[in-house]
Amino acid sequence: MMKEELVNKAYEIAKERYAAVGVDVEKVMETMQDFHLSLHCWQADDVIGFETGAGSLTGGIQTTGNYPGRARNIDELRQDILKAASYIPGTHRLNLHEIYGDFQGEPVDRDQVEPRHFQSWMDWGKEHNMKLDFNSTSFSHPKSGSLTLANPDESIRRFWIEHTKRCRAVAEAMGEAQGDPCIMNVWVHDGSKDITVNRMKYRELLKDSLDQIFATEYKNMKDCIESKVFGIGLESYTVGSNDFYIGYGVSHNKMITLDTGHFHPTESVADKVSSLLLYVPELMLHVSRPIRWDSDHVTIMDDPTLELFQEIVRCGALDRVHYGLDYFDASINRIGAYVVGSRAAQKCMLRALLEPLAQLRQYEANGQLFERLALLEEAKALPWNAVWDMFCLKNNVPVGEEFIAEVEKYEADVTSKRG
Ligand SMILES: C[C@H](O)[C@H](O)[C@@H](O)C(=O)CO
Ligand SMILES: [Mn+2]
């Protein structure tokens, strides 16, 4: 039997099986079509970017591994992103960091960046139907040190305030060009390796910097702010902690970014969704996979990711969340890393949408708690994979493991030939 026929047959059976527990699979397929990931550009080149004389990665984050074939310039990065996207069903966005500007070999310092440095990205995004999101970049710069927006040295703090203000202007230009808000994330690594006796002072400075940065109102971009527990070499104190940014976000109506690697290992990120959405307008996700620390392994269809997407669906909040990915694994084929991580996030969303929620809620309302637990368990084994295969088939991307050979071919033809 042809693969297509098999997929169709399994899909029809799955539809009936899901209908029996009150789930409309056709409706879920439509919702999946409107679910857009924001692919992070930095998996393709190990977070290096295109500044002239770009140095090593700093700011307490690390790529480990030296798998051959990383994108060395803007053309290779664009080619790799398009190749990866061709194996990911649906249409998606691209999340750029400031250091990925099209600087044309010019030394453009971070406090000099302008929308024109991203014009070719805006044109490229339009051509390939990829809307853009954006990030200011505090790391990998001679002025990065341990403190940027919270630096007591006023000249350094001014430099980073100017950088972040200019990044917002870039994001505004992107949003205007694409007719859809550009989501701009602010994450700064500011912190201290050892005990500080000035916790309040740095947080006051960060707050003041953010107030200055956000003073300009824009229509075509939205701000989000990302906390973290600690960075490598900054283990004792993080200025932009979770408490700090929740306070700032709630009092200034800013989106909160939830990076799934930025919490204590046993903390449930899923449980934060409903609390935050009562107080902040929207959320940005950085879906990652922490192994023992914020290691940024490739996303997989694991329990924490599934639970996070289930919570979003259960909160009825699909359109109040932006779905960015954030991992950088340099130890495996980088295009493969994009495809595996993106498809895993999509599978989590699909499984969340296929949950027999009405029936589960009925059981809960009736106090039928054995029944609720039993259906939660049985739902894990419902044929979601038949729906996933159909979603891939409909979107003209490889079904199941078929993409592995295609990624290998791209490696043999293209990335393995890079010096
Ligand atoms: C490169 C990203 O902006 C960075 O990973 C940041 O979002 C982060 O998560 C730092 O740990
Ligand atoms: Mn992140």
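Residues numbered from 1 in each chain as written. Chains lettered and ligands numbered in written order. Predicted model: local features only at pLDDT ≥ 70, side-chain atom pairs only at ≥ 80, totals over all residues. Heavy atoms only, no water.

As recorded in an unreviewed UniProt entry, the protein goes by L-rhamnose isomerase and comes from Phocaeicola intestinalis.

Draft legend 1. Layout of the sheet that holds strand β1 (residues 37-40). With respect to topology, 8 strands assemble into a closed barrel ordered β1-β2-β3-β4-β6-β8-β9-β12, the strand pairing being parallel. Averaged over all adjacent pairs, the angle separating strand axes in this sheet is 30 degrees, with direction ignored. Pairing analysis gives 2 bridges linking β1 to strand β12 (residues 321-325), with the strands arranged parallel. Looking at β12, one finds that Ser 38 is bridged to Gly 324. In the packing of helix α7 (residues 242-252) onto the sheet, the strands contacted are β6 (221-226) and β8 (255-259), and the crossing angle to β6 comes to about 155 degrees. (Pairing = 2+ DSSP bridges. Helix = DSSP H or I, 4+ residues; strand = E, 2+ residues; numbered from the N terminus. Axes fitted to C-alpha atoms, helices over the stretch in contact; angles between N-to-C directions. Contact = heavy atoms within 4.5 Å.)

Draft legend 2. Summary view of the coordination of the manganese ion (ligand 2). Coordination of the manganese ion (ligand 2) by the protein comes from Glu 226 (OE), Asp 259 (OD), His 286 (ND1) and Asp 326 (OD), over a distance range of 2.1 to 2.2 Å. Every donor counted, the 6 donor atoms about the manganese ion (ligand 2) form angles of 71 to 172 degrees at the centre, which fits irregular coordination. In primary sequence terms, the donor set of the manganese ion (ligand 2) follows E-x32-D-x26-H-x39-D. Residue His 286 is found in strand β9 (residues 283-287), and its partner Asp 326 is found in the loop between β12 and α10 (334-353); the two are separated by 40 residues along the sequence. An identical accessibility class is assigned to His 286 and Asp 326; each is buried. (Donors = N, O, S within 2.8 Å, 3.2 Å for Na, K, Ca; no water. Tetrahedral: all angles 85-135°; square planar, octahedral: opposite > 155°, others 65-115°. Buried < 20%, exposed > 50% of the residue type's maximum accessible area, 1.4 Å probe, protein only.)

Draft legend 3. View of the pairing of β6. Counting buried residues along β6, 5 of its 6 residues qualify, which places the element largely inside the surrounding structure. One ladder, built from 5 bridges, connects strand β4 (residues 182-186) with β6; its direction is parallel. Within β6, the position partnered with Met 184 by the bridge is Asp 223. Relative to β8, β6 is paired through 3 bridges, and the arrangement is parallel.

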